[in-house]
Amino acid sequence: MTVDPNAATQNFPPPGPAPRRPGAATYLVPALVAGAVAVGLGVYGNVHDPEGTAFNLAGFSSTSAVKSWLATTAMGFAVVQLVSALMLYGRIPGPSWSGVLHRWSGRIAFLVAVPVAVHCLYALGYQTYEPRVLWHSVLGCFFFGAFSAKMLLLRSERLPGWVLPIVGGLVFSALTVVWLTSALWFFRTFGVTT
């Protein structure tokens, strides 16, 4: 192959530096925060003397009914989170506004889950008297820790593409088991009441 010395050259920019891999702090800080949040909630729930009730809303028969319906609402928005994440990652087709749907459904799910957690920790505490309650207590604390880690990881750059789906999957899975061991159990035991 010969090169024409009179041919116009293309002005390609020089290659930039190779993208850096995230440092250990990118993963360590969210993991430490997640652990601190989960352990902190567990310790508070364990040392706090349960008050029996934290809130009640007019129209509901009990605080457990309020908690169960709020948890079910949070779970519904978490399902929207899952579906919109699948849209964002191209696993299923979705509208151009699936990113907005993902962000807002996550915000709403979290805001609805907070009063449930406050009720659980303040009114009931961290309990372990049977396997269902133990799993609920452990995974309730884990959920808020994993959620904290996910929020911190969202701001990190150059993460491998698998990190956020794994952490988001952990958050969704924890919330699902928390819902199964509380709201679904309540509805199956006492009926779908308000």
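The text that follows walks through the structure, step by step, so that each part is easy to find. This one's a predicted model, so the numbers in the text were calculated from it and none came from an experiment. (Residues numbered from 1 in each chain as written. Predicted model: local features only at pLDDT ≥ 70, side-chain atom pairs only at ≥ 80, totals over all residues. Heavy atoms only, no water.)

Focus: the layout of surface pockets
Part 1 of the reasoning: Considering only enclosed or pocket space, the largest pocket measures out at about 920 Å³ in volume.
Part 2 of the reasoning: What lines the largest pocket is a set of 29 residues, among which Gln-81, Ala-85, His-102, Lys-150 and Gly-168 lie closest to the centre.
Part 3 of the reasoning: Taken together, the elements giving at least two residues each to the lining of the largest pocket come down to α2 (63–88), α3 (98–124), α4 (131–154) and α5 (163–190).
Part 4 of the reasoning: Considering every element that reaches the lining of the largest pocket, the biggest residue donor is α3, with 8 residues.
Part 5 of the reasoning: Its volume calculated, the second largest pocket comes out at about 560 Å³.
Part 6 of the reasoning: Looking at the lining of the second largest pocket, the elements that each hand over two or more residues are α2, α3, α4 and α5.
Part 7 of the reasoning: Tallied by class, the residues present in the lining of the second largest pocket amount to 21 nonpolar, 10 polar and 2 charged. (1 Å grid on protein atoms, 1.4 Å probe; cavity = no way out; pocket = protein on both sides within 12 Å on 5 of 7 lines; lining within 4 Å. Points joined across faces, edges and corners; volume = space filled by probe spheres on them. Helix = DSSP H or I, 4+ residues; strand = E, 2+ residues; numbered from the N terminus. Nonpolar A, V, L, I, M, F, W, Y, C, P; charged D, E, K, R; others polar.)

A word on the pattern of salt bridges
Part 1 of the reasoning: Scanning the model with the defined rule gives 2 salt bridges in all.
Part 2 of the reasoning: Of the charged contacts in the structure, one is a salt bridge between Arg-132 and Glu-130, with a shortest N-O distance of 3.2 Å.
Part 3 of the reasoning: Note that Arg-158 is salt-bridged to Glu-157, the shortest N-O span being 3.9 Å.
Part 4 of the reasoning: The partly exposed category is assigned to Arg-158, whose relative accessible area is 40%. (Salt bridge = Lys/Arg side-chain N within 4 Å of Asp/Glu carboxyl O. Buried < 20%, exposed > 50% of the residue type's maximum accessible area, 1.4 Å probe, protein only.)

Points about the side chain of Gln-81
Part 1 of the reasoning: For Gln-81, the location among the structural elements is in helix α2.
Part 2 of the reasoning: By relative accessible area, Gln-81 is classed as buried at 14%.
Part 3 of the reasoning: There is a polar contact of 3.1 Å between the side chain of Gln-81 and the side chain of Ser-105.
Part 4 of the reasoning: Contact partners of Gln-81, with chain neighbours within four places excluded, come to His-102, Arg-103, Ser-105, Gly-106 and Lys-150. (Polar contact = N/O pair within 3.5 Å; in protein donor to acceptor, adjacent residues only side chain to side chain. Contact = heavy atoms within 4.5 Å.)

Concerning α5
Part 1 of the reasoning: For α5, which comprises 28 residues, the first-to-last C-alpha distance of 40 Å matches the rise-based estimate of 40 Å (1.5 Å per residue) to within 8%.
Part 2 of the reasoning: Of all the bends in α5, the largest measures some 35° and sits at Leu-180.
Part 3 of the reasoning: All of the buried residues along α5 are Val-163, Val-167, Val-171, Ala-174, Leu-175, Val-178, Trp-179, Thr-181, Ser-182, Ala-183, Phe-186 and Phe-187.
Part 4 of the reasoning: Where the residues of α5 are buried, they touch α1 (24–47), α2 and α4.
Part 5 of the reasoning: Positive backbone phi, approximately 90°, marks Gly-191, located one or two places after α5. (Expected span 1.5 Å × (residues − 1). Bend = angle between axes of the 7 residues up to and from the residue.)

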